[in-house]
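Examining the three-dimensional arrangement
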Amino acid sequence: MLKKRVVLTFPKETVEQPITYHLIKNYDLMVNILSAKINPDEEGRLVIEISGQRKNLDNGINYIKGLGVTIQPLAQDVKWKEDRCTHCTACIPLCPSHALMLDRVTMKVSFDSDHCILCGFCLKACPYQAVEILY
Amino acid sequence: MAKTIAQINDRIKKGEAVVVTAEEIIDLVNKKGVKQTAKEVDVVTTATFGPMCSSGIYFNFGHSKPRIKAQKVWLNNVPAYAGLGAVDTYLGATELPENDPTNTIYPGEFKYGGGHIIEELVAGKDIRLKAISYRTDCYPRKELETWINIKDLNEVVLFNPRNCYQNYNVAVNLSDKVCYTYLGVLQPRLGNAIYCSAGQLSPLLNDPLYLTIGLGSRIFLGGGIGYVVWQGTQHNPDVVRGENKVPKRPAGTLAVIGDLKQMNSQWLRGVSMTGYGVTMAVGIGIPIPILNEEICQYTAVKDSQIYAPVIDYSRVYPEREPDVLAEVNYAQLKSGKIIIQDKEVPTGALSSYAKAREIANILKEWIQGGKFTLTEPVQLLPSVDSGITCQPLNERP
Ligand code: SF4
Ligand code: SF4
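Residues numbered from 1 in each chain as written. Chains lettered and ligands numbered in written order. Predicted model: local features only at pLDDT ≥ 70, side-chain atom pairs only at ≥ 80, totals over all residues. Heavy atoms only, no water.

Brief notes about the site of ligand 2
Looking at ligand 2, the residues that line it are Trp-80, Cys-85, Thr-86, His-87, Cys-88, Thr-89, Cys-91, Val-109, Cys-126, Pro-127, Tyr-128 and Ala-130 of chain A. Partitioning the shell around ligand 2 into residue classes produces nine nonpolar, three polar and no charged. (Near = heavy atom within 4 Å. Nonpolar A, V, L, I, M, F, W, Y, C, P; charged D, E, K, R; others polar.)

Written out as structure tokens, the structure is:
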């Protein structure tokens, strides 16, 4: 089993295609949608985690490329620098996946990278430069 | 029975003083009543940690050979104010580097500036100093470029004209687009709310009428010892207050000073506000002597009794309109959501309650250990009836 996190950018015409359905049905892959967004100019952006046999993965990715969809590896990591975090909580209402979490008794923030969908919201919200996105 | 500061100091020196934090006093007063608690407790420690824009350092970097009368000064390419004595200069926390793109690519990142330099200087890092000037007979040099380090500076003093706001606005955004403000990133249509106060731990909320904090009060400042030297700019004591006398709007402020050499970069942190600018977060702790029951009662204030105004930062704040959307208390704010216009709005803060709590405990240990005694203020801060208010600007053609 192999696992890949990728960002798919769809041109306007392909937005409507049921790509994830085909990946699952025709290529025997598991698809986990981490985030999905359609911009005002109707370009779509989908962040997915795909896992399956290497051969199926390669075939699936070729299928996506053939549709004119740009496929890029996902920013690999969001790094939370504990020593720089002041536990201000500015990021807490913005983190959609609760990867950044607040213990309301200690009022301290913690980070669980497994829940992070790499949306980048915390990056702009953190005043203390305590989060970093590594590509 | 009333106590005096001298009596409390005697007890501190003997290691007998009873010191509790502004959180701990709440339970004590609850359990034992205010009368008994006022008798037993000598000092309550309060604290706050958050961005405080009116902050900065002045320093004397020593005379070069030959001498220069610095006319313009830069530190790591960030301009400092040089209109003082020949080699005295002031660096403000919100100053940006020369040629910073600011908001030309909106929203700007504002990664570096005055606040960050102060943090680095305190941490012991070398800073590049550049000065230029014109020639005089006594100061012939026109250019100077060198490294400076905190340990080599003659004097380096943190001097903040406005810190420690007594209460503050809660910022929300009623518009349809993201707002980048000094209170942080505000999502459209009431997407989030941001507050900035330590609430029940905050110094001036525990001494709402300035009965003990005044000029000359010795405080925890940036990890070292500092002093209150004046009311801060925009000090505005005469605002709407609750029955408990706690202001429901931004009110009192403090000007504070202290030797930067004994401070710690953990408590002076450069801050980058996306789309807005840079500033510095300052850690402050203030001891309140429990001289009588009234003072004790004020320190027992809790989050659910302290109200802050919710303000729209997409229009009302920038246009200096008076509208207040709602009043919410700090217990609600800290719970993670408030209700505004029937909508549940998630909350976050810019100030750190965890850090404020840490400071209150450090100050408590200092006092218990006998290494920090209290000072008698030379003069108290202007209070509600002082006639001092914060006036807006009346522009004249
Ligand atoms: S990138 Fe930041 S805001 Fe987004 S999910 Fe990860 S931690 Fe949360
Ligand atoms: S915004 Fe930054 S400093 Fe504040 S709690 Fe989140 S990660 Fe920590």
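Overview of the side chain of Asn-206 of chain B
Residue and element names in this part refer to chain B. Looking at the secondary structure, you find Asn-206 in helix α4 (residues 203-206). A polar contact is formed between the side chain of Asn-206 and the backbone oxygen of Ser-202, at a distance of 2.8 Å. In contact with Asn-206, other than residues within four places in its own chain, are Ala-22, Thr-46, Gln-200, Leu-201, Ile-288, Tyr-298, Thr-299 and Val-301. (Helix = DSSP H or I, 4+ residues; strand = E, 2+ residues; numbered from the N terminus. Polar contact = N/O pair within 3.5 Å; in protein donor to acceptor, adjacent residues only side chain to side chain. Contact = heavy atoms within 4.5 Å.)

Some words on the sheet that holds strand β7 (residues 127-132) of chain B
Residues and elements named next belong to chain B. Judged by pairing direction, the sheet is antiparallel, and its four strands sit side by side in the order β5-β4-β7-β8 without closing on themselves. Both outer strands of the open sheet, β5 (78-80) and β8 (143-148), are each paired with one neighbouring strand and no more. With strand direction ignored, the average angle separating the axes of adjacent strands in the sheet is 25°. Here strand β4 (residues 72-75) runs beside β5; their pairing, made up of three bridges, is antiparallel. Looking at the pairing, Leu-75 lines up with Val-78 of β5. Sheet contacts for helix α3 (residues 114-122): β4, β5 and β7; angle to β7, the most-contacted strand, approximately 120°. (Pairing = 2+ DSSP bridges. Axes fitted to C-alpha atoms, helices over the stretch in contact; angles between N-to-C directions.)

A few points about the side chain of Ser-64 of chain B
Residue and element names in this part refer to chain B. Looking at the secondary structure, you find Ser-64 in the loop between β3 (56-60) and β4. Among the polar contacts listed, one links the side chain of Ser-64 to the backbone oxygen of Pro-66, at a separation of 2.9 Å. Every residue in contact with Ser-64, bar those within four places of it in the chain, is listed here: Arg-141 and Leu-144.

Re helix α2 (residues 24-40) of chain B
Residue and element names in this part refer to chain B. Between its first and last C-alpha, α2 extends only 13 Å over 17 residues, short of the 24 Å set by a 1.5 Å rise per residue. Of all bends in α2, the biggest is about 115°, found at Gly-33. Along α2, the residues that are buried comprise Ile-25, Ile-26, Val-29, Thr-37 and Ala-38. The inward-facing, buried residues of α2 abut β1 (19-21), β2 (43-51) and α5 (293-299). (Expected span 1.5 Å × (residues − 1). Bend = angle between axes of the 7 residues up to and from the residue. Buried < 20%, exposed > 50% of the residue type's maximum accessible area, 1.4 Å probe, protein only.)

Looking at the interface of chain A and chain B
Counting residues at the interface gives 21 residues for chain A, matched by 33 residues for chain B. Counting the surface chain A buries against chain B, the share from its top three residues, Met-107, Lys-124 and Tyr-128 of chain A, is 27%. Viewed at the interface, chain B and chain A are joined by one salt bridge. Note that Arg-84 of chain A is salt-bridged to Glu-119 of chain B, the shortest N-O span being 3.1 Å. Our count for the chain A to chain B interface comes out at 15 residue pairs in polar contact (both at pLDDT 80 or more). Within the side of chain A that touches chain B, the residues separate by chemical class into 11 nonpolar, five polar and five charged. (Buried area = accessible area lost by both parts, 1.4 Å probe. Salt bridge = Lys/Arg side-chain N within 4 Å of Asp/Glu carboxyl O.)

Examining unusual backbone geometry
Residue and element names in this part refer to chain B. Residue Lys-65 is joined to Pro-66 through a cis peptide bond whose omega torsion reads -10°. By the secondary structure assignment, Pro-66 is in the loop between β3 and β4. A cis amide bond links Tyr-106 with the next residue in sequence, Pro-107, at an omega value of -10°. One can find Pro-107 in the loop between β6 (88-92) and α3. Phi is positive for Thr-102, close to 40°, though the residue is something other than glycine. Tracing the chain through its elements places Thr-102 in the loop between β6 and α3. Given the relative accessible area of 34%, Thr-102 is considered partly exposed.

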